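Here is how the chains run, residue by residue.
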Number of protein chains: 2
Amino acid sequence: MKFEIMRDKLLDGLSDVMKAISQKVAIPILTGIKIEVDEKGMTLTGSDSDITICTFIPAEDNGEQIIQVVEKGSIVLQAKVFSEIVRKLPTNEVTIEVANGLQTHIQSGKSEFHLIGLDPEDYPVLPEVKDDYLFSLPADLMKSIIRETVFAVSQQETRPVLTGVLWEVKDGGLACIATDSHRLARRLTIPEDMPEVPFSVVIPGKSLQELNKILPDNGELVDIVIADQQVLFKTRGVLFYSRLLEGNYPDTSRLIPLEYKTSVTVNGRLLLQAIDRASLLAREERNNIVRFSANEGKVIEISSNSPEVGKVEELVEAIGVTGEELNISFSAKYMMDALKAIDGQDITIQFTGAMRPFILKSVDDDSILQLILPVRTY
Amino acid sequence: MKFEIMRDKLLDGLSDVMKAISQKVAIPILTGIKIEVDEKGMTLTGSDSDITICTFIPAEDNGEQIIQVVEKGSIVLQAKVFSEIVRKLPTNEVTIEVANGLQTHIQSGKSEFHLIGLDPEDYPVLPEVKDDYLFSLPADLMKSIIRETVFAVSQQETRPVLTGVLWEVKDGGLACIATDSHRLARRLTIPEDMPEVPFSVVIPGKSLQELNKILPDNGELVDIVIADQQVLFKTRGVLFYSRLLEGNYPDTSRLIPLEYKTSVTVNGRLLLQAIDRASLLAREERNNIVRFSANEGKVIEISSNSPEVGKVEELVEAIGVTGEELNISFSAKYMMDALKAIDGQDITIQFTGAMRPFILKSVDDDSILQLILPVRTY
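Residues numbered from 1 in each chain as written. Chains lettered and ligands numbered in written order. Predicted model: local features only at pLDDT ≥ 70, side-chain atom pairs only at ≥ 80, totals over all residues. Heavy atoms only, no water.

A surface patch of like charges, here negative, comprises A:Asp131, A:Asp132, A:Glu192, A:Asp193, A:Glu196, A:Asp223 and A:Asp228. Relative to the assigned elements, A:Glu192 resides in the loop between β15 (183-189) and β16 (199-204). (Patch = residues over 30% accessible without salt bridge, like charges linked within 9 Å, V, L, I, M, F, W, Y side chains within 5 Å. Areas by Shrake-Rupley, 256 points an atom, 1.4 Å probe, with all protein chains shown as cover. Salt bridge = Lys/Arg side-chain N within 4 Å of Asp/Glu carboxyl O. Lys, Arg positive; Asp, Glu negative; His and termini not counted. Charge placed at Lys NZ, Arg CZ, Asp CG, Glu CD. Helix = DSSP H or I, 4+ residues; strand = E, 2+ residues; numbered from the N terminus.)

Let us now look at the relation of the copies chain B and chain A. For the match of chain B to chain A, the screw axis carries a shift of 0.0 Å, the RMSD comes to 0.0 Å, and the turn is 180°. The two molecules are tied by a two-fold rotation axis, judged by turn and shift. Take the interface residues of chain B: 100% of them recur as interface residues in chain A, which is what a same-surface contact looks like. (Least-squares fit on C-alpha atoms with pLDDT ≥ 70 in both. Contact = heavy atoms within 4.5 Å.)

Attention shifts here to the interface of chain B and chain A. On the side of chain A, 30 residues touch chain B, which itself brings 30 residues to the contact. Where chain B abuts chain A, roughly 2700 Å² becomes buried across the two surfaces, and 55% of that area is made up of carbon and sulfur atoms. Along the contact surface separating chain B from chain A lie four salt bridges. Across the pair B:Lys110 and A:Glu317 runs a salt bridge, and its minimum N-O distance is 3.2 Å. At the level of secondary structure, the elements contributing two or more residues to the side of chain B that touches chain A comprise α2 (79-88), β11 (111-116), α5 (268-284) and β23 (310-317) of chain B. No other element matches the seven residues that β23(B) contributes to the side of chain B that touches chain A. Residue composition of the side of chain B that touches chain A, grouped by class: 13 nonpolar, three polar and 14 charged. When strand β23 (residues 310-317) of chain A meets β11(B), the two strands line up antiparallel, connected through five bridges. (Buried area = accessible area lost by both parts, 1.4 Å probe. Nonpolar A, V, L, I, M, F, W, Y, C, P; charged D, E, K, R; others polar. Pairing = 2+ DSSP bridges.)

Attention shifts here to the pairing of strand β27 (residues 358-362) of chain A. Residue and element names in this part refer to chain A. With five of five residues buried, β27 lies mostly within the body of the structure. Both faces of β27 are covered, namely the face carrying Phe358, Leu360 and Ser362 and the face carrying Ile359 and Lys361. Taken together, strand β26 (residues 346-351) and the strand that follows it, β27, pair antiparallel across an intervening segment of six residues, in which glycine 353 is found at a positive phi of about 105°. Pairing geometry for β27 and strand β28 (residues 368-372), over four bridges, is antiparallel. Paired with lysine 361 across the two strands is leucine 369, which belongs to β28. Turn length for the β27-β28 hairpin, with the two strands adjacent in sequence and antiparallel, is five residues. (Buried < 20%, exposed > 50% of the residue type's maximum accessible area, 1.4 Å probe, protein only.)

All names here are of chain A. Read across the open sheet, the eight strands follow the order β8-β2-β3-β4-β19-β18-β17-β12; overall the sheet is antiparallel. The open sheet is flanked by β8 (73-78) and β12 (133-138), the only strands paired with a single partner. Averaged over all adjacent pairs, the angle separating strand axes in this sheet is 20°, with direction ignored. Both strand β2 (residues 32-38) and strand β3 (residues 41-47) contribute to a ladder of five bridges, which runs antiparallel. Pairing of aspartate 38 across the sheet is with glycine 41, part of β3. Sitting on the sheet, helix α3 (residues 139-149) touches β12, β17 (221-226) and β18 (230-235), and the angle it makes with β12 is about 90°. Strands in contact with helix α4 (residues 205-214) are β4 (51-58), β18 and β19 (238-243); relative to β19, the strand with the most contacts, it is inclined by about 170°. (Axes fitted to C-alpha atoms, helices over the stretch in contact; angles between N-to-C directions.)

This brings us to the UniProt feature "domain: DNA polymerase III beta sliding clamp central" (unreviewed entry) in chain A. Within this numbering scheme, the UniProt entry marks residues 137-251 of chain A as carrying the feature "domain: DNA polymerase III beta sliding clamp central" (unreviewed entry). In residues 137-251 of chain A, helix accounts for 18% and strand for 41%; the two terminal C-alpha atoms are 25 Å from one another. (UniProt positions renumbered as here; feature names shortened; annotations may be inferred.)

Residues and elements named next belong to chain A. Its location among the elements puts tyrosine 334 in helix α6 (residues 332-342). Judged by relative accessible area, which is 19%, tyrosine 334 ranks as buried. For the pair tyrosine 334 and valine 94, spaced 240 residues apart in sequence, the C-alpha to C-alpha distance is 49 Å. When residues no more than four places from it in sequence are discounted, the contact partners of tyrosine 334 are Asp180, His182, Arg183 and Ile372.

Quick look at the structure:
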C-alpha cells in the first residue's frame, strides 16, 4: 500500500472514526483503525464492537485531488497514536506506505514515522445489514429526536433494555421513547418516507449520543436500515453501525395520564432558571428535591429546604393556572432535564394529584412529551 | 448587617476570593467566605490557610453607587453555595441582610434565599505583615516571571523547599529560581524600585499559580511585602497573602555550566513542534525520552524509538551549530516545558557533553535560563 493524502481531509475522517474507539475493548485489534485504500479512495473503520463507524474519503472530490494512490492495500494502525501523529504533522502533504509486511512509514515534511501495524486480516468483518427496513430522516430532525429522548435512558445495567431508546413504527408514525422508570421522554414524528413494515427496536443510548456528535446540523437525509441485531445509519461518507438491545421494552402507554386535575402554563426558560436556583441548596444535601405549589393565583412557588444549609423560595409568574390547588415534590434534575429537552418554549404541565406522574408538553407542539414521577416528602 | 449590591461587582470580587477556597481544609470555617461591610464598602476574605485572598469592593466607584449600606456588620457564608447563588440570581440588584444572629437573607427579583451563616468571630485573623521589605513589579512582568519558572518546581513532597520558587534579591537584581533537581529555571530581573535590604524567600509554587490567575495582564504595579513567614502581594482591590516555605534552598549557582563544547542556535517553535512529534511514540511507553543529534551540518536530528510501537525521526534546520559533534538524550517533557517558557523565540542551547547538564537561553535576552539534565540511554 502506498498513497499520498491531504492531512486535513485525513484528520476529518479520523475524527469521526475515533468516536467508535475505546481503550477498554476486549479484542486488542479494536484499539486500532483499519485503513483500506484503492483507486476510488480511502476507507477508515473504527469499532468498539457495540458501535462501528466507517468513513470514506474519495480520491477526488469536486475536481480536487485528495488522495494519490500509488499502490492499493490495507493496514491496521494504533488509533490513538496514529490520530495524534496525523494531527501534529508539519505539512498538509502526507505519504503513507506499508512495506515488509506490516511496517508502516508515514512521512510529512522533514518528519518520518515508522509504525508497527497490525494485520488487517485479523480485523473483524463489518456487521451484515440487509436493506430490510429502510427509511430516512433529515439529520437535524434526528439530532432533535436524540436530544429530546436520550437523557432519560437508565444509567443502570439492572434492566439493560432501559439503557436504550425504543424506536417504534406503527399507526403511521415513529415513536421514540426512553425511560429509567422514574421519568419518561417521548418524541413522535411522521417520517416523510415511512418504512413499509412496522418495526420496534431498542437502540443503546450511548450509540445515539455518539451518532449525534457525527450527524451534520442540516437537513441532509440519513438513511436508516434496521436488521435483526443491528441498525445502520448512512450519511454522505459515513456509515454508523450500532448493535440493538435485546429484550422486551415495557409497554409505557398506560403510564401516560389521559386527563388532569391541575394545568399550569408557564415559560419554560423562567421555570428552568427558578428550579436551578431552588435546587442549589438541595444539591448540597444530595437529595435534590424541590417543592412546587400552584393555587388559584397565577404565581407558582418553588421552594426547597435543607436543614443544615438553609432554604429558598422562588416565585414564577405563570401564563395560566387552571384546576385544583396543588403541592407536589419532585427531582430538580429530572425537571431541568425535561425543560431543557423542550428548549425554553412556553410549556403546559398537567398534574393529576401530588402522588401521580405528571406530564410536560410544549404549548405549540404535541410531538414532545416528558413525564416525571413525583417524590413523596411528607 | 444589611446592604444592597450590584450582582456583577459582587461576582467579580467573589471569583478572586474563591481561588483561595479549598474543600480539603482542616478548619471547617475556611470552607466559608468572610463578608464585612461598612460605609466604605465590602471586604471578602477566603483562605485555605496557605493562601489568603482579600478583595475590597468600594461602596462608590467613579461616581457610580455599587453598594448601598443600610447597616454595617459581618458574616461567614459557605463559599461554594454562596458563589453559585450569586452567579444564578435573576436580577443585578441583590439585597443581603443578616438578622437573628447568623440567619442570612439574600433577595433578588422574586428569588429569596435564607442561609445559615457561620460566626465571623471564629474566622482566623489575617496574617500580620509589617512593611518590612517592600518593592514593586508591574503585574505583567510578574506573570511572565511566574510562567517562566513555576513549572520547574518539584511535584514531590520529599524535599518540601523544592516545591517553591526561590526569590532572592542580591547584587542589585532579583533572581527567581525553581528546580526539581532534574531541571532548573532561572529568571533574572532588575526591579525599577529595588528593595533596600537583600532577602531570600521561597514562595510555594501553588501560591504563585493562583496569584498568576488573579494578576491583571497589564503594567499596573504590584506591591510585594515580605515578612518573616508570609509574603503579601497588593494590587488595586486585592490582597494576596501566601505563607513562605521554610528550609534552606540549595545553592544552584554551581550547577550552571559557564563554558560549553557544542552550541546550537535554532527557532524555539520549530524545535518544540519536532520534539512534540518525536515524543508521541515515547509517551506510549511512558519513558518520554528523545534523542538529539547535532554534527557539523546545520541539520539537527531528533529521534525516538519504542520497540513495540515504532520509531520516529525529525530533522530541524538550525540557524547555526558550532563546536563538537553531539548525541544526547533527554526528557521530551522537560525540553518542551523549557521551550514553552522561552515562548517561540530563537534560542541557543549550550552543551558540555552527553552526560552534563545543558542550558537554553533566548538569543535576544539573557534574563531567562533553562537547564536540563540529560538521561543516560546506552
